[in-house]
Amino acid sequence: GAVDTTTGAPVVRIVDAFHFNSTTPTGAPVEITIRDRILGVLKSSAPLAGENAGLTCPGTSGDDDRCVVAKLYGITGDNHVVVVNVHWQDVKALMQ
């Protein structure tokens, strides 16, 4: 898994697969810090039903940073499941 080069913390690096871009316009990588290092591949899914209730999310009529746009699932070395919510605020810098 990826690690933050400054802190050594495990991170998930986000890549815009359409443009094959993994940095913001300023050159900063788009990463989400997670608690445990994930082994193997990540699985993804759409947000769960009702997870964004009351929010105006991208693709509807809004731009609320709190919207969950994807969920990532992984397994740690201790065989625990890690669930990472990817919020609009985490990825919108790639879309600019």
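Keep in mind the model is a prediction, meaning the values are calculated, not measured.

Taken together, 3 strands build an open sheet; the order of strands is S4-S5-S6 and the sheet is antiparallel. Each edge of the open sheet carries a strand with a single partner, namely strand S4 (38-45) and strand S6 (81-87). Ignoring strand direction, the axes of neighbouring strands in this sheet form an average angle of 25°.

It is worth spelling out the state of the cysteines at this point. Scanning the entire structure with this criterion turns up 1 disulfide. Here Cys-57 engages in a disulfide with Cys-67; their sulfurs sit 2.1 Å apart. Around the S-S axis, the bridge from Cys-57 to Cys-67 shows a dihedral of about -90° and counts as left-handed. In this pair, Cys-57 is assigned in the loop between S4 and strand S5 (68-76) and Cys-67 in the loop between S4 and S5, connecting sequence segments 10 residues apart. Classification of Cys-57 as buried rests on a relative accessible area of 11%. Overall, Cys-67 belongs to the buried group, its relative accessible area being 0%.

This part takes up the nonpolar core. Core analysis: the biggest nonpolar cluster contains 16 residues, and Ile-14, Val-84 and Val-86 have the highest contact counts within it. Contributions of two or more residues to this core are made by S5, S6 and helix H1 (88-91).

Of the voids in this model, the largest pocket is the one considered here, and its volume is about 210 Å³. Around the largest pocket sit 13 residues that line it, and Ile-14, Val-15, Ala-70, Val-86 and Val-91 are the ones nearest its centre. At the level of elements, strand S2 (10-13), S5 and H1 are the ones that each hand at least two residues to the lining of the largest pocket. A per-element tally of the lining of the largest pocket places S5 first, with 3 residues. The residue inventory of the lining of the largest pocket, partitioned by class, reads 11 nonpolar, no polar and 2 charged.

Parameters and conventions
Residues numbered from 1 in each chain as written. Predicted model: local features only at pLDDT ≥ 70, side-chain atom pairs only at ≥ 80, totals over all residues. Heavy atoms only, no water. Pairing = 2+ DSSP bridges. Helix = DSSP H or I, 4+ residues; strand = E, 2+ residues; numbered from the N terminus. Axes fitted to C-alpha atoms, helices over the stretch in contact; angles between N-to-C directions. Disulfide = S-S within 2.5 Å. Buried < 20%, exposed > 50% of the residue type's maximum accessible area, 1.4 Å probe, protein only. Core = buried A, V, L, I, M, F, W, Y, C linked by side-chain atoms within 4.5 Å. 1 Å grid on protein atoms, 1.4 Å probe; cavity = no way out; pocket = protein on both sides within 12 Å on 5 of 7 lines; lining within 4 Å. Points joined across faces, edges and corners; volume = space filled by probe spheres on them. Nonpolar A, V, L, I, M, F, W, Y, C, P; charged D, E, K, R; others polar.

Read these as layout, nothing more, since geometry by itself doesn't imply function.
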